[in-house]
Amino acid sequence: MKLSVGSYNIYHGENKWKQIENDEHIIDLKETAKTVAALGVDLCGLNEVRNQWGEEGLCNQAEVIARELGWHYYFAKAINIPGGEYGNALVSKYPIRSAYCVPIETTAEERDPTLRYENRILLVAEVEVKDRILTVTVCHFGLRPQEKTKAVAVVTKEMGKITTPAVFMGDLNITPDTPEYAALAEVMTDTLPDPKGEHPTFSHQTPKAKIDYIFTNGLCKTVDAKIPAVGISDHRPIVATIEF
C-alpha cells in the first residue's frame, strides 16, 4: 500500500511573508490548510500549533485546519501558554484510532541555568488506513544540546517498541551532519537524505538548512520524497510517499 505523508511546522498559522514585508502579525489558518491540501498528502504532522483563546486565529488550530480539510485530527499539548496550550498535532484523511503523548523533559541538573528550556512531547498515533495500521509519531526538538540528546533517546526508545509500519516526523532543529541525526539514522531511514545540503527546509523565505524530516522504520519503504516551496510559514513542508 502506498501513502503520502507530510510534516509541516506551521508557525502557529502566522503569515511569515507579511511579517517580513510589513511587520504584520496575521494568523491565516485557511491558508495554512490550503498548503496542507496542496501537498497532496494523506496525513500531515504539524509543529508549533496553538490551542488558545482570546485573539483572532488563537483557537484550537488543529481542529480548524482539520475542519477545512474535512479530516480527522489529534492535538498533543507540550506546554501551557497564556490562555491555552501549545504543541504538535496530526491531521489525517484516515481515522486516528488511538493517540497518546510521551514527555520529553530535561531535568534541572541537565540544564544550563543561563539558558531557556522548553518541555517537549512525542505524539504517537495509530492511523487506520483501510485494513492496515500505520503508527505516526510527531515531535519538535528543542534548541539546546541537552534537549536534543533527551529527545533522541525518547524517540529511539519509543520507535523501538512499535511493531507496525511507522513514520517519525517533525522539525528536529538538527542538520544531517550532527551526532543526533546519526543516532536517529542508525535505527530509522531518512526518506530524503541530504548530505550535500540540497534540500533545505528552513527558512522558507531564505532556505539554508534541512531541519525538518520524515523517517520510517524497517516495515516501510520510501518511494519518493520532496521539499515543496509552498506556504506562509517560516518552514517549508516535507513530503514523502511510502509503501508498506
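Look above for the structure.
Keep in mind that what you see is a predicted model, and the values were worked out from it rather than measured.

Peer 1: Any chance you could explain the nonpolar core here in plain terms?
Peer 2: Nonpolar side chains in soluble globular proteins tend to be buried together. Ranked by internal contacts, the top residues of the largest apolar core, which has 29 residues, are Leu3, Leu43, Leu134 and Val136. Within the residue set of this core, elements represented by two or more residues are β1 (2-9), β3 (72-81), β4 (84-92), β6 (120-129), β7 (132-140), β8 (166-171) and β12 (238-243). Ranked by residue count, the leading element in this core is β6, at five residues. Discounting chain neighbours no more than four positions away, the residues touching leucine 3 are Asp42, Leu43, Tyr94, Val129, Leu134, Ala240, Thr241, Ile242 and Phe244. In terms of nonpolar packing, the next biggest core, distinct from the first, is built from 21 residues, Val124, Ile162, Ala166 and Tyr181 among them.

Peer 1: Help me understand helix α5 (residues 179-187) in this model?
Peer 2: Each α-helix turn comprises 3.6 residues. Residues three or four places apart therefore point the same way. Within α5 the residues assigned to the buried category are Glu180, Tyr181 and Leu184. All buried residues of α5 project into a common sector of 100 degrees when viewed along the axis, lining one side. Pointing more than 90 degrees away from the buried face of α5 are the exposed residues Pro179 and Glu186. Looking at the buried side of α5, the elements it contacts are α4 (145-161), β8, β9 (189-190) and β10 (212-216).

Peer 1: Would you mind going over the sheet that holds β3 with me for this structure?
Peer 2: By way of backbone hydrogen bonds, the strands of a sheet pair with one another, either parallel or antiparallel. Read across the open sheet, the six strands follow the order β3-β4-β2-β1-β12-β11; overall the sheet is mixed. Of all the strands in the sheet, the pair left with one neighbour each is β3 and β11 (221-226). Strand-to-strand twist across the sheet, computed as the mean angle between neighbouring axes with direction ignored, equals 25 degrees. When strand β2 (residues 43-52) meets β4, the two strands line up antiparallel, connected through eight bridges. Looking at β4, one finds that cysteine 44 is bridged to valine 91.

The rules behind these values
- Residues numbered from 1 in each chain as written.
- Predicted model: local features only at pLDDT ≥ 70, side-chain atom pairs only at ≥ 80, totals over all residues.
- Heavy atoms only, no water.
- Core = buried A, V, L, I, M, F, W, Y, C linked by side-chain atoms within 4.5 Å.
- Buried < 20%, exposed > 50% of the residue type's maximum accessible area, 1.4 Å probe, protein only.
- Helix = DSSP H or I, 4+ residues; strand = E, 2+ residues; numbered from the N terminus.
- Contact = heavy atoms within 4.5 Å.
- Arc of directions from axis to C-beta.
- Pairing = 2+ DSSP bridges.
- Axes fitted to C-alpha atoms, helices over the stretch in contact; angles between N-to-C directions.

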